[in-house]
Amino acid sequence: AILYLFWGMAFVCDEYFVRTIDVISDRFQIPDDVAGATLMALGCNGPEMALNTISIFHPSNIGVGAVVGGEVFNVLVIIGTALLATPDMYMPLKLGRFCFFRDVIFYMVSVGMLYWVLHNGSVSRLNAAVLLCGAVVYTLVVTYSAKISAWFAQERKFIRTASRRFTQARLSFMPKILTASFDAAGDDDDDSEDEDDEPDPETVAEWQRAQTCKDPEAGSILGVRVDLRNRLMDRNHHIDNRYMWLHEDGLVVSTVIDPVGERKSLQLQRGQSGICFDYDKHTNDQHWHHGGLVNQPIFFGSQDGPKDEKSANSLQNPLLTESQRSLATGDVNPPSIQLPGFRDAPWEVIPFEDILYCERGVGDEKHFNLHVHQHDSHLGNLITLELSTKDEAVMNAWVEALRGKLLAQRRKTTEAPPAKGVMDSLMQWVEWLQFPVKFFVQRTIPDMDDPKQQHLYPVSFTMSMVWLAVFAFSVVKACDGIHEDFGISTDVLGFTVAAAGTSFPNVFSGMCVARQGKTSMAVANALGANVQNVFLALAVPWTIQSFFLVGGPFPMPVDNLLPAVLECAITLMPVVLVYMCSSFAMPKWSGGLFLLTYVVYVVFALGQQISKCPMWPFPCGTSSR
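Just so it is clear, the structure is predicted and the values come from calculations on it, not from any experiment.

**Q** Give a detailed account of the pairing of strand β11 (residues 382-388), specifying residues and quantitative values.
**A** Within β11, 6 of the 7 residues are buried, leaving the element largely enclosed by the surrounding structure. Note that strand β3 (residues 220-227) and β11 share 5 bridges and pair antiparallel. The residue of β11 that forms the bridge with D227 is T384. As defined by bridge partners, strand β10 (residues 367-373) adjoins β11 across 7 bridges and the pair is classed as antiparallel. Each bridged residue has a counterpart across the sheet, and for H367 the counterpart in β11 is S388.

See below:
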């Protein structure tokens, strides 16, 4: 029953609450970076915040335990499963150093601040205000990360150049041959990642041409924002410009990074979630590019010589159908395939058979949505691609062409659907169990995916909060029942059951985006969610209670707080050590290591509960908080 309640919370949050906040940010024209770090973060931490809000009226440690235990779960399980699901062509996984260490530092600071707040068993106004200030600081740093990262890169380059000149001046008395050898060695020590590659002129020219191209089959530039219907992955509230074109059987999208836009700097792009580094042997030029929107990107063969079919055919990806493979290895290639900037980057193929429908907003002449369903429906749900352009004529041409292609696809004669397997039958039972919640939620919350109902966003926001509160109260009561029947403390239930229950749906979404090559998104969002769990999911309810309801400090005793905080720090160490010892990358085997570490953590938590010793397996003296 408690698992059903956790699913209900995730369903309301993913399908309605996050989407409502997205509509609010669009209505009030909040910048994407600010919305992603504030409103979207608030929506993404909805279940945890709901549990702590209910604790105001029904005192319980379940909410705090869910946050503390969720810290460990997000770091080890979500990152671990995402790494194991990542295709080999992107492994070992490269991550932007600045953003990784930014989130790690804020994570450790947030855990330390949480201990400072709870160590005396109460929460004061000052405590709540300081946590909210932490949220403001983190939001500002995330919002201006690109500028801060660029500043650090310039300073690092300046210091390196000055150090080299100083060393050369000191060695000026040495023979010229030794000085030349030293200069060569110094050049080799340069970090190639700090050098911004100049875009190819032909690629820039094609990109500029495509920005106003009204022929979808010749290629156009459209802004894309992906709605994955998952509170963790939808934190990335920004639009990326992508080169795409229409093929006879599907939509083809390039993974090339915008070479002419405001975000053209490769140094800034590397720190963004959704940007991946390619290790595929298809080309000698290994570089950074976008991950897939829906499916894993694949390489097209070069038209100058024999196609490298091994590169495409060797991708054993369950998200890729035979029609996609035939499109990737067929005779028809994108018109820009020969340009250097596009030739060495993979392409994503979205077959028309996967696109459910094309939807255009009422009175909106520059945006339209594509609703796509992944082939691997057991792991992925409905994905919405929000497409936009500044030229209304380009948008009209694309909408008309897409609707024509989809209509032609529906008229094609297809074979009978395959026989249903065991998994399909099992999913029917799951859908039957989910029906009661879906029925009542759909009848009480306006659908924000329907442009005609988006003006009802206040109702959608309020009813989403009501349903989250209902499920959160039910979870707290269920945990209280488990505590009374089996004697398991509410602290342990919060650290383990509640933490895993509120975060487990994110595991499958992390695996889905990892298969698309966007593992960096899963890693960044898992770390960012931990920070906002403390700064928002705890701080907001505590601020309401201390300032408006109680008017001062209120008790919040948490047993075994110090061991729990130490476990948060200790379980983060394998992630940081692997990243630093693997040349600022994460190999695939580290995913198994992180999952094994979480198993050890659960064993320790259960051992502490059974032995009634917070320092288990070490000898325990007097019990301490």
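Next comes the rest of the account.
**Q** Tell me about the confidence of the model for the protein, and name the residues and values.
**A** Scored by pLDDT, the protein comes out at a mean of 79, with 80% of its residues at no less than 70. In the model, residues 177-196 has pLDDT below 50 throughout and makes 28 contacts with residues more than four positions away in sequence or in other chains. Note that residues 302-320 has pLDDT below 50 and, in this model, 44 contacts with residues that lie over four places away or in other chains.

**Q** Any details on the packing of aromatic side chains? Residues and values, ideally.
**A** By the definition in use, this model includes 23 aromatic pairs. Between F17 and F461, the ring centres sit 5.6 Å apart and the planes meet at 40°, which makes this aromatic pair tilted. Residue F17 is found in helix α1 (residues 2-27), and its partner F461 is found in helix α17 (residues 457-486); the two are separated by 444 residues along the sequence. Judged by its relative accessible area of 1%, F17 is buried.

**Q** How would you summarise the sheet that holds β11 if you had to cite specific residues and measurements?
**A** In spatial order, the strands read β8-β5-β4-β3-β11-β10-β9; together these 7 strands make up an open sheet with antiparallel pairing. The two strands at the open ends of the sheet, each matched to only one other strand, are β8 (347-351) and β9 (355-360). Between one strand axis and the next, the sheet turns through 35° on average, direction left out of account. On the sheet, helix α10 (residues 201-210) packs against β3 and β4 (240-246) and is oriented at approximately 80° with respect to β4.

**Q** Which residues make up the nonpolar core, and what values go with them?
**A** Ranked by internal contacts, the top residues of the largest apolar core, which has 91 residues, are L118, L370, W542 and M586. Per-element tally for this core: the top contributor is helix α5 (residues 62-85), with 13 residues. W542 has contacts with V64, L114, V117, L118, V123, A128, L131, F554 and M556, leaving out every residue within four places of it along the chain. V12, I21, V441 and C479 belong to the second-largest nonpolar core, a separate cluster that totals 28 residues.

**Q** A description of the environment of L561 should follow, citing residues and the corresponding values.
**A** Mapped onto the elements, L561 comes out in helix α20 (residues 561-581). Spatially, the C-alpha atom of L561 lies 7.3 Å from that of Y115, the residues being 446 residues apart in sequence.

About the cut-offs
- Here the residue numbering is sequential within each chain, running from 1 through the sequence in written order.
- Only residues with pLDDT of 70 or above have their local features reported here, since the model is predicted, and side-chain atom pairs are shown and tallied only from 80 upward, although totals for entire chains, interfaces and linings are computed over all residues.
- Only hydrogens and water are set aside; all other atoms, that is, all heavy atoms of the structure, feed into the side-chain values.
- Residue burial is assigned from relative accessible area. The probe radius is 1.4 Å, only protein chains are included, and a residue is buried under 20% of its type maximum, exposed over 50%, and partly exposed in between.
- Secondary structure elements are taken from DSSP: a helix is a run of H or I of four residues or more, a strand is a run of E of two residues or more, and numbering for both begins at the N terminus.
- For two strands to be treated as a pair, DSSP must find no fewer than two bridges joining them.
- Summary of the metric used: pLDDT quantifies the predictor's per-residue confidence within the range 0 to 100.
- Note on contacts: a residue pair qualifies if any of its non-hydrogen atoms lie within 4.5 Å across the two residues.
- Two rings from Phe, Tyr or Trp (for Trp, the six-membered ring) form a pair when their centres sit within 6.5 Å of each other. Planes less than 30 degrees apart are called stacked, planes more than 60 degrees apart edge-to-face, and all others tilted.
- An axis is simply a line fitted to the C-alpha atoms; with a helix, the fit covers only the stretch in contact. Between two such axes, the angle follows the N-to-C directions and lies from 0 to 180 degrees.
- Each nonpolar core is a collection of buried residues, namely Ala, Val, Leu, Ile, Met, Phe, Trp, Tyr and Cys, held together in the definition by side-chain atoms within 4.5 Å.

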